[in-house]
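Observations on chain architecture
These are the residues of each chain, in order.
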Amino acid sequence: MPELPEVETCRRGITPHIVNHTVKEVVVRNANMRWPITDTIDDIQGQVIDSVTRRAKYLLLKTHKGTLLLHLGMSGTLRVIPEHTEVSKHDHFDLVFDNGLTLRLNDPRRFGAVLWLTGDVYQHPLLASQGPEPLSEQFDGQYLYEKSRNKTVAIKTFIMNNHIVVGVGNIYANESLFQAGINPKKAAGKISKKRFIDLAKRIKKVLQQAIEQGGTTLKDFTQADGRPGYFAQSLMVYGRKDQPCFLCETPLKEIKQGGRATTFCPRCQKN
DNA sequence: ATAGCAACCTGAGGGC
DNA sequence: TGCCCTCAGGTTGCTA
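The structure presented is a predicted model; accordingly, all values stated were derived computationally and were not measured. (Residues numbered from 1 in each chain as written. Chains lettered and ligands numbered in written order. Predicted model: local features only at pLDDT ≥ 70, side-chain atom pairs only at ≥ 80, totals over all residues. Heavy atoms only, no water.)

Regarding the sheet that holds strand β4 (residues 67–71)
Through backbone hydrogen bonds, the strands of a sheet pair up, either in parallel or in antiparallel fashion. Heads up, the condition is: Should DSSP find at least two bridges between two strands, the strands are taken to pair. Elements are defined by DSSP. Helices are runs of H or I of four residues or more, strands are runs of E of two residues or more, and each kind is numbered from the N terminus. Think of each axis as a best-fit line through the C-alpha atoms, taken over the contacting stretch in the case of a helix, with angles from 0 to 180 degrees between the N-to-C directions. Should any heavy atoms of two residues lie within 4.5 Å, those residues are considered in contact.
Taken in spatial order, the four strands make up an open sheet running β2-β3-β4-β8, and their pairing is antiparallel. Each edge of the open sheet carries a strand with a single partner, namely β2 (51–55) and β8 (113–117). In this sheet, adjacent strand axes meet at a mean angle of 20° when their direction is disregarded. Two strands pair when backbone bridges link them, and strand β3 (residues 58–62) and β4 are joined in this way by five bridges, in the antiparallel orientation. Each residue of the ladder has a partner; that of L59, found in β4, is L70. Helix α1 (residues 4–18) contacts β2 and β3 of the sheet and is inclined by roughly 175° relative to β2.

Some thoughts on the nonpolar core
Formally: Nonpolar core, defined: a set of buried Ala, Val, Leu, Ile, Met, Phe, Trp, Tyr and Cys residues in which side-chain atoms within 4.5 Å join the residues together. When a residue's accessible area, from a 1.4 Å probe over protein chains only, is under 20% of the maximum for its type it is buried; when over 50% it is exposed; and in between it is partly exposed.
Ranked by size, the top nonpolar core spans 28 residues in total, and within it I14, L61, L68, L95 and L103 carry the most contacts. Looking at this core, the elements that each hand over two or more residues are α1, β1 (23–28), β3, β4, β5 (77–82), β6 (91–97), β7 (101–106) and β8. With four residues, α1 is the single largest residue contributor to this core. Among residues more than four places away in sequence, those in contact with L103 are I14, I18, L61, L70, L78, R79, V80, F93, D94, L95 and F97. Counting 26 residues, the second largest nonpolar core, distinct from the first, contains Y143, I159, I203 and V206.

So, the domain arrangement of chain A
Rules: Here the bounds of each domain stem from an automatic or database domain assignment. Joining two parts hides part of their accessible area as seen by a 1.4 Å probe, and the buried area is that hidden amount summed over both. The working definition used for a salt bridge is a side-chain nitrogen of Lys or Arg within 4 Å of a carboxyl oxygen of Asp or Glu. Pairs of N or O atoms within 3.5 Å make up the polar contacts considered here, provided that, within protein, one atom can donate a hydrogen while the other can accept it, and that residues adjacent in sequence are counted only when both atoms are side-chain atoms.
Per the domain assignment, the segments making up chain A are domain 1 (4–128) and domain 2 (141–264). One C-alpha centre belongs to domain 1, the other to domain 2, and the line joining them spans 28 Å. Counting residues at the interface gives 15 residues for domain 1 and 18 residues for domain 2. Taken together, both faces of the contact between domain 1 and domain 2 bury some 1400 Å²; the carbon and sulfur share is 65%. Three residues stand out in domain 1 for area buried against domain 2, namely P5, E6 and T9, and they jointly supply 37% of the buried area on that side. At the junction of domain 1 and domain 2, the tally comes to zero salt bridges. Applying the counting criterion to the domain 1 and domain 2 interface returns three residue pairs in polar contact (both at pLDDT 80 or more). Looking at the side of domain 1 that touches domain 2, the elements with two or more residues in it are α1 and β5. The greatest single-element share of the side of domain 1 that touches domain 2, amounting to eight residues, is contributed by α1.

Structure representation (structure tokens):
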């Protein structure tokens, strides 16, 4: 489910329920996530959550003693629920708080991660190598233009590369390229500065709008309170293979790039 | 350095 | 009904 807008929606949803509250208990039902959840996780017990922030698609729950890093992978969801709520399949991890609420991670595919880190988390290899946030001032067309010179990689692959910019997953890569009218196969190094300036704006806008609408619910994404996101109805190309382009009626094409489906309009995104 | 691709894992859906 | 195949919001870490 989660690209940046979904993770950000999640962050906003859980924050008011857990910030300034104390972790009463930690429950690990299945430690076999992307990396094993280690026993050091118990150190969060008794800690107060000072803040919930996001870096790339990671959520950072900061406490005095350390930081809990959460990643939702492909299929993870976080819910805030009353303590003692019945456990469902794939409910792998709980933080039980002193206010009667529980933060519960459900993740069928277990590509997500739960890591307890001490020290400067931003120095951790997972975060240290990440590119700029797409919604920051640091990220703009000039930046993309400079980064892309002499690169033969396809533009779609380029903007999905976390070393270039974080948080742009498959849905929003497809959508922003459609909005910018850029062919996903075009070599990044052959795109003009002018087009990159437009593309960067489109990326920001599409992410911002998706956040405002609570993210994209495809099949299983829900906000922290269980409600779906509403951006799916705004999708112009993602998941619309063979359906008519909303602008020109041409049937949308689907190709594979780096193992991921790319949907685009062969007419509106000719070059 | 860079690009392509398999790997991690479960579930849904399609074809037969 | 069941089996087999493909595909899915992500990211790491191999191989050339």
